[in-house]
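Notes for the structure review
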Amino acid sequence: MSAAPPPRYAWLLDAFGVAAWTFFIAVAIERLGHEFTSASRTALITLAVPLGYVLSDFATGFAHWFCDTFFEEDTPVLGPLLIRSFREHHRDPLSITRHHFLELNGSNCVAVAPVGASLLAIDPAASDAWLFVYATLVSLCLGTVATNQFHRWAHEPSPNALARFLQKCRLVLTPSHHAVHHAPPYARHYCVTNGWANVLMEKIRFWEAAERVLVAAGVPKSAEGEAPAASPDFAA
C-alpha cells in the first residue's frame, strides 16, 4: 500500500499551529506568573506542573498508539496529515532527526492549540482549584509540544549536552527506554515525552483494552497489524 504524500497545505497548517500555540502559551505563562502570590498558591503550581508533564506523556502516547494501530497511510485526510509520519518513523527511525522545525513540531502545536485556546477562558485567579487546573494545562501544553524534540533526541546518535543531561536525569525520553518500542513486538512503550507513563499503561494492559473498545466501536484497525519493524539504524 503506497503512502499518500503530505498535502501541499500541510506546512501552512503547521505554521498556523505553531503561531497559534506560541500566542496562547505566551499569554498563559504571563498570566500564571502573576499567581505566585502566597506559599499555598505557589505550592499548587509546583504540584500541577509535574502532573501536567505526566499527562502530556500519556496524551502523546495515546496519539502514538492510535496512529500505529488504526487507519492507513492512504486514508483520506487522516492518512497524509497524521498516520503517514508515524508509519514512516517505523520504516526509518532516524527520519525524525532530519525533519525541519515545522515538520517536527507543527502537528503537536496544531493538536494542542485548542487546549491553549481554552486557557483564555479560565481565570487562574478565580480560585485555588482553577489555578491548579490552569497550571496543569499549561504544563500539559508545554510537555506535548516538546515531545517530538525529546523523541528526536532519543534517536540522535550524538545529542547535545542539554539533551544528554536531561536524559541522564530521566526527565526526558532516553534512547534505552525508547528502544523497547522499536523491538518486537513493536507494541510497547508508546509514551515518548518522558516515558514515565509506560510502566503503568502496560501493567494495567491499557492499550489492549483501548484497542478492544475502539475496534468494537467500528474504528478500522490497520491492515499492517502491529507497527512495522524498525530499521537497524534506531540510534547510535
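This text gives an overview of the structure that appears in the document. All values derive from a computational prediction rather than experimental measurement. (Residues numbered from 1 in each chain as written. Predicted model: local features only at pLDDT ≥ 70, side-chain atom pairs only at ≥ 80, totals over all residues. Heavy atoms only, no water.)

Here we come to the environment of Trp153. Considering the arrangement of structural elements, one finds Trp153 in helix H5 (residues 128-155). The sequence separation of Trp153 and Ala163 amounts to ten residues, and the corresponding C-alpha distance is 6.5 Å. With sequence-adjacent residues up to four places away left out, Trp153 is seen in contact with Pro159, Asn160, Leu162, Ala163, Leu166, Gln167 and Val172. (Helix = DSSP H or I, 4+ residues; strand = E, 2+ residues; numbered from the N terminus. Contact = heavy atoms within 4.5 Å.)

A word on the packing of aromatic side chains. Per the counting criterion, the structure on display carries 13 aromatic pairs. Ring geometry for Tyr53 versus Trp196: centroids 5.3 Å apart, planes at 85°, classification edge-to-face. Here Trp196 lies in the loop between helix H7 (175-179) and helix H8 (198-203) and Tyr53 lies in helix H2 (residues 39-69), a separation of 143 residues in the sequence. Taking relative accessible area as the criterion, Tyr53 reaches 16% and is therefore assigned buried. (Phe/Tyr/Trp six-rings, centres within 6.5 Å; stacked < 30°, edge-to-face > 60°. Buried < 20%, exposed > 50% of the residue type's maximum accessible area, 1.4 Å probe, protein only.)

Note that Arg41 resides in helix H2. Here the side chain of Arg41 touches Glu35 through a polar contact of 2.5 Å, side chain to side chain. Engagement of the side chain of Arg41 in a polar contact is seen with the side chain of Asp128, the distance being 2.7 Å. Discounting chain neighbours no more than four positions away, the residues touching Arg41 are Glu35, Pro124, Ala125, Ser127, Asp128 and Leu131. (Polar contact = N/O pair within 3.5 Å; in protein donor to acceptor, adjacent residues only side chain to side chain.)

Another aspect to go through is the nonpolar core. Core analysis: the biggest nonpolar cluster contains 20 residues, and Trp21, Leu32, Leu119, Tyr134 and Val138 have the highest contact counts within it. Those elements that provide at least two residues to this core are helix H1 (10-32), H2, helix H4 (101-118) and H5. Looking at which element gives the most residues to this core, the answer is H5, with eight residues. Discounting chain neighbours no more than four positions away, the residues touching Val138 are Ile25, Ala28, Ile29, Leu32 and Leu119. Counting twelve residues, the second largest nonpolar core, distinct from the first, contains Phe66, Phe71, Cys191 and Met201. (Core = buried A, V, L, I, M, F, W, Y, C linked by side-chain atoms within 4.5 Å.)

A cis amide bond links Pro184 with the next residue in sequence, Pro185, at an omega value of 5°. With respect to the helices, strands and loops of the structure, Pro185 is situated in the loop between H7 and H8. Although it is not a glycine, Arg170 sits at a positive phi angle of roughly 60°. Mapped onto the elements, Arg170 comes out in the loop between helix H6 (161-168) and H7.

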